[in-house]
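Spelled out from the first residue to the last, the chains are:
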Amino acid sequence: MANNKETLYIIIPAYNESENIVKLIDDWYPVLEKHDGDGKSRLIIINDGSKDNTYEVICACAQTRPLLLPLTKPNGGHGPTLLFGYNYAIDNNADYIFQTDSDGQTDPAEFEQFWECRDEYDAVIGSRPQRQDGRSRKFVEGVLLLLLRMTFGVRVPDSNAPFRLMKSELVAKYLGKMPKDFNLPNVMLTTYFAYFKEKVKFIDITFKPRQGGTNSINIKKIIKIGWKALGDFGMLRKHISD
């Protein structure tokens, strides 16, 4: 167990992940235990209105894992669920927020190098040079990066990687600049960090195929989200310094 008093909140949104969720908890709970200094850190898995028994499985796992906190909310999508989790962490005085997803595509063993950078950088964000989740998603990320360069003038290697360690106070600084139901909060947090020249480091991570279950975000939904984001980026650019 860690000797420090820093509180770490690991935020993981989950939707219909009953096939993955137990392994996810088994993988990430030891990471949190290792870095919990005072019993106040939490592994928070937010059930986003799943239609399967994801939430019940999380609650069962929490019976023997005191640092695991299951939360549930009506379905609102990945982005609003992240915002829900980030605000929860901030409201409960987390020092650090780490975010990843529930589909098993990221590797908990890579967390340590992020944690070791926490004193030197205010945010450490994953970069996925090799993605194993399909060419379409890699293409979408490339389009996002192009739009961010055109709209905000920022250049980042990866805008939306679900593997990021951030100081809670830094996240709080920029959450209010986004709509409460914004679909791409990680993209905009990355953009704000780069635009305002915050102390950010990007580290390459591995990114595996989904480990089980069915991806709820298909190409049709991605295009819809992307089209809306195009308008949102323009609006946010006008008010970026507010």
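To be clear, the structure that these remarks concern was listed above.
Analysis parameters
Residues numbered from 1 in each chain as written. Predicted model: local features only at pLDDT ≥ 70, side-chain atom pairs only at ≥ 80, totals over all residues. Heavy atoms only, no water. Axes fitted to C-alpha atoms, helices over the stretch in contact; angles between N-to-C directions. Helix = DSSP H or I, 4+ residues; strand = E, 2+ residues; numbered from the N terminus. Left-handed = near helix turned anticlockwise from the far one by under 90°. Contact = heavy atoms within 4.5 Å. Nonpolar A, V, L, I, M, F, W, Y, C, P; charged D, E, K, R; others polar. Buried < 20%, exposed > 50% of the residue type's maximum accessible area, 1.4 Å probe, protein only. Polar contact = N/O pair within 3.5 Å; in protein donor to acceptor, adjacent residues only side chain to side chain. Pairing = 2+ DSSP bridges. Phe/Tyr/Trp six-rings, centres within 6.5 Å; stacked < 30°, edge-to-face > 60°. Arc of directions from axis to C-beta. Salt bridge = Lys/Arg side-chain N within 4 Å of Asp/Glu carboxyl O. Parallel < 35°, antiparallel > 145°, perpendicular 65-115°, else oblique.

Chemist: How should I be thinking about the packing of helix α1 (residues 21-34) against helix α2 (residues 54-62) in this particular structure?
Modeler: Between two packed helices, the angle of one axis relative to the other and the distance separating the axes together describe the packing. Close contact between α1 and α2 brings their axes to 10 Å; oriented N to C, the two are set at 35 degrees. In this structure, α1 meets α2 at a crossing whose hand is right-handed. Contact residues: Ile21, Val22 and Ile25 in α1; Val57, Ile58 and Cys61 in α2. Within the contact of α1 with α2, the residues separate by chemical class into six nonpolar, no polar and no charged.

Chemist: Please explain the side chain of Asp48 as it appears in this structure.
Modeler: The topology assignment puts Asp48 in strand β2 (residues 42-48). A relative accessible area of 4% means that Asp48 is categorised as buried. A distance of 2.8 Å separates polar atoms of two side chains, one belonging to Asp48 and the other to Lys73. Contact partners of Asp48, with chain neighbours within four places excluded, come to Ala14, Tyr15, Lys73, Pro74, Asn75, Gly76, Gly77, His78 and Thr81.

Chemist: Teacher, can you tell me more about the environment of Thr190 here?
Modeler: Secondary-structure assignment places Thr190 in helix α7 (residues 185-195). Accessibility expressed as a relative area gives 1% for Thr190, which makes it buried. Spatially, the C-alpha atoms of Thr190 and Val124 are 10.0 Å apart, while their sequence positions differ by 66 residues. Sequence-distant contacts of Thr190, that is, excluding residues within four places in its chain, are made with Ile125, Val156, Asp158, Ser159, Arg164 and Phe202.

Chemist: What exactly am I supposed to notice about the environment of Ser241 here?
Modeler: Relative to the elements of secondary structure, Ser241 occurs in the segment after α8 (219-238). Judged by relative accessible area, which is 59%, Ser241 ranks as exposed.

Chemist: Is there a simple way to explain the sheet that holds strand β7 (residues 200-204) in this structure?
Modeler: Backbone-to-backbone hydrogen bonds join strands into a sheet, with any given pair of strands oriented parallel or antiparallel. The sheet built from seven strands is open, its strands ordered β3-β2-β1-β4-β6-β5-β7 with mixed pairing. Each edge of the open sheet is held by one strand with a lone partner, namely β3 (68-73) and β7. The average undirected angle you get between the axes of adjacent strands in this sheet is 20 degrees. Where strand β5 (residues 123-127) and strand β6 (residues 163-167) come together, three bridges link them in antiparallel fashion. Bridge pairing in β6 links Val124 to Leu165. Where α2 meets the sheet, its contacts fall on β1 (8-14), β2 and β3, and the angle it forms with β3 comes to roughly 160 degrees. Against the sheet, helix α6 (residues 168-175) makes contact with β4 (96-100), β5 and β6, and its axis sits at roughly 90 degrees relative to β6, the strand it touches most.

Chemist: Quick question: what am I supposed to make of the packing of aromatic side chains here?
Modeler: Counted by the stated rule, this structure contains 14 aromatic pairs. Measuring from ring centre to ring centre gives 5.0 Å for Phe98 and Phe111, while their planes differ by 85 degrees; the resulting arrangement is edge-to-face. Within this pair, whereas Phe98 is found in strand β4, its partner Phe111 is found in helix α4 (residues 111-115), the two being separated by 13 residues in sequence. Their ring planes at 75 degrees and their centres at 5.0 Å tell us that Tyr195 and Phe196 sit as a pair that is edge-to-face.

Chemist: Help me understand α2, please; the structure alone is not making it clear to me.
Modeler: Helical periodicity: at 3.6 residues per turn, an α-helix aligns residues three or four positions apart in one direction. Residues of α2 that are buried include every one of Thr54, Val57, Ile58, Cys61 and Ala62, and no others. One side of α2 holds all its buried residues, which, seen down the axis, span an arc of 140 degrees. Elements that come into contact with the buried residues of α2 comprise β1, α1, β2 and β3.

Chemist: Explanation requested: the pattern of salt bridges in the structure shown.
Modeler: Where charged atoms from two side chains of opposite charge come close, those side chains can pair. Evaluation of the coordinates by the stated rule reveals eight salt bridges. A salt bridge links Lys73 to Asp48; the shortest N-O distance between them is 2.8 Å. Linking Lys73 in strand β3 with Asp48 in strand β2, this pair joins segments that are 25 residues apart in sequence. We note a salt bridge from Arg128 to Asp158, for which the minimum N-O separation is 2.8 Å. Placement of Arg128 in the loop between β5 and α5 (135-152) and of Asp158 in the loop between α5 and β6 is noted, with a sequence separation of 30 residues between them.

Chemist: In this structure, what is going on with the packing of α6 against α7? I would like to understand it.
Modeler: Relative to each other, α6 and α7 sit at 100 degrees, their axes nearing to 10 Å. By the criterion of interaxial angle, the relationship of α6 to α7 is roughly perpendicular. Residue-level contacts link Leu170, Val171, Tyr174 and Leu175 of α6 to Leu189, Tyr192 and Phe193 of α7. Class assignment for the residues of the contact of α6 with α7 results in seven nonpolar, no polar and no charged.

These results come straight from atomic positions and should not be treated as a statement about function.
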